[in-house]
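Chain by chain, the residues run as shown.
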Amino acid sequence: MNVWSAPGALHIARGEVEDADSLARLHAQGFYRGWPASDFADYLGDSRITPAYVATDARRRISGFAMLRISGEESELLTIAVDPKMRGRGLGAALLAAAFADLAMSPVKTLFLEVDETNAPALALYHRFGFAPIGKRKGYYPKPDGSAATALVMRATIG
Ligand SMILES: CC(C)(COP(=O)(O)OP(=O)(O)OC[C@H]1O[C@@H](n2cnc3c(N)ncnc32)[C@H](O)[C@@H]1OP(=O)(O)O)[C@@H](O)C(=O)NCCC(=O)NCCS
């Protein structure tokens, strides 16, 4: 099993079913609409289709994660979230680097994602990894005030 280094005393490992509660908690801290832990357990149980990467310490205390969906030669970044107290230290970059390294050893040629076009930290991260915008989806992200933000669809080439 692959393990990648990460900032601080953390490392990046593949997500396991036992991580479902941690991932649901981190996801709820990062997004207006959370996902139930049972959904994460299902995804984590099917790691060939929906592999996850976790930033963790030696005692499996998880500070961030990324999850993909693989479909033939294409893949999608389903979600990525870092503990609010741990942001801005390179964990998001370490998670994406691990995902790219894994994909480079697979048949996958492209990685797509959707991001709120006003999410500056995420956009900075994605630009650094070579993602380029390929389209927009208006009214995609519901907001607490009843409005909805536009999603930018982005694509990066693997390898
Ligand atoms: C997006 C997210 C995963 C990034 O995680 P992170 O560990 O902070 O990522 P990194 O530290 O590797 O990189 C963050 C980048 O954002 C930049 N950044 C931080 N705050 C910023 C701000 N307010 N405006 C612009 N850029 C900002 C940092 O400078 C860094 O970019 P750089 O390396 O080019 O300087 C994290 O902010 C998060 O969990 N957000 C909530 C969930 C979310 O929005 N996920 C993405 C949905 S598509």
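Before reading further, recall that the structure is shown in the block above.
Residues numbered from 1 in each chain as written. Predicted model: local features only at pLDDT ≥ 70, side-chain atom pairs only at ≥ 80, totals over all residues.

**Details of the overall build of the protein**
Helix and strand content of the protein: four helices and eight strands. Secondary structure elements of the protein occur, N-terminal to C-terminal, as β-β-α-α-β-β-β-α-β-α-β-β. The C-alpha atoms of the protein give a radius of gyration of 15 Å, which matches the 15 Å a tight globule of 159 residues would have. When its C-alpha atoms are laid out on the principal axes, the protein stretches across 40 × 35 × 30 Å. Here the protein holds 159 residues, and 31% of them are scored as buried. (Helix = DSSP H or I, 4+ residues; strand = E, 2+ residues; numbered from the N terminus. Rg over C-alpha atoms; globule rule 2.2 N^0.38 Å. Buried ≥ 20, exposed ≤ 12 C-beta atoms within 10 Å, placed from the backbone.)

**Focus: the pairing of strand β3 (residues 52-56)**
Of all five residues that make up β3, five are buried, and the element is covered over most of its length. The two faces of β3 match: Ala52, Val54 and Thr56 on one face and Tyr53 and Ala55 on the other face are all buried. As defined by bridge partners, strand β2 (residues 11-14) adjoins β3 across four bridges and the pair is classed as antiparallel. Bridged to Ala13 within β3 is Val54. Across five bridges, the pairing between β3 and strand β4 (residues 62-71) is antiparallel. By the bridge assignment, Ala52 is partnered in β4 with Met67. Count of turn residues in the β3/β4 antiparallel hairpin: five residues, of which Arg60 carries a positive phi of about 60 degrees. (Pairing = 2+ DSSP bridges.)

**Let's talk about the site of the ligand**
The full set close to the ligand counts 20 residues, and Gly30, Arg87, Gly92, Ala93 and Ala120 are the nearest of them. Of all the secondary structure elements, the ones that give two or more residues to the shell around the ligand are β5 (74-82), α3 (91-104) and α4 (120-128). Of the residues assigned to the shell around the ligand, the class counts are twelve nonpolar, five polar and three charged. (Near = placed C-beta within 6 Å. Nonpolar A, V, L, I, M, F, W, Y, C, P; charged D, E, K, R; others polar.)

**What to know about the nonpolar core**
Ile12, Ala52, Tyr53, Ala55, Phe65, Ala66 and Leu95 are the most contacted members of the largest nonpolar core, which totals 38 residues. The element that contributes the greatest number of residues to this core is α3, accounting for seven residues. If sequence neighbours within four positions are ignored, Ala66 has contacts with Ala52, Tyr53, Leu77, Ile80, Leu95, Leu96 and Ala99. (Core = buried A, V, L, I, M, F, W, Y, C linked by C-beta atoms within 7 Å. Contact = placed C-beta atoms within 7 Å.)

**Quick look at α3**
Between its first and last C-alpha, α3 extends 20 Å over 14 residues, near the 20 Å set by a 1.5 Å rise per residue. Turning to α3, its buried residues are Leu91, Gly92, Ala94, Leu95, Leu96, Ala98, Ala99, Asp102 and Leu103. (Expected span 1.5 Å × (residues − 1).)

**What to know about helix α2 (residues 37-44)**
Among all positions in α2, only Phe40, Tyr43 and Leu44 are buried. The arc that holds every buried residue of α2, seen down its axis, measures 95 degrees, which confines them to one face. Among the structural elements, α1 (20-30), β3 and β4 are those in contact with the buried residues of α2. (Arc of directions from axis to C-beta.)

**Topic: the pairing of strand β6 (residues 110-116)**
Burial along β6 is one-sided: the face carrying Leu111, Leu113 and Val115 is buried and the face carrying Thr110, Phe112, Glu114 and Asp116 is not. Note: β5 against β6, three bridges, orientation parallel. From the neighbouring strand, Glu74 faces β6, where its bridge partner is Thr110. For the handedness criterion, the β-α-β arrangement of β5, α3 and β6 is classed as right-handed. (Right-handed = clockwise from strand over helix to strand, strands pointing away.)

Note that all results are geometric; they support no functional claim without further evidence.
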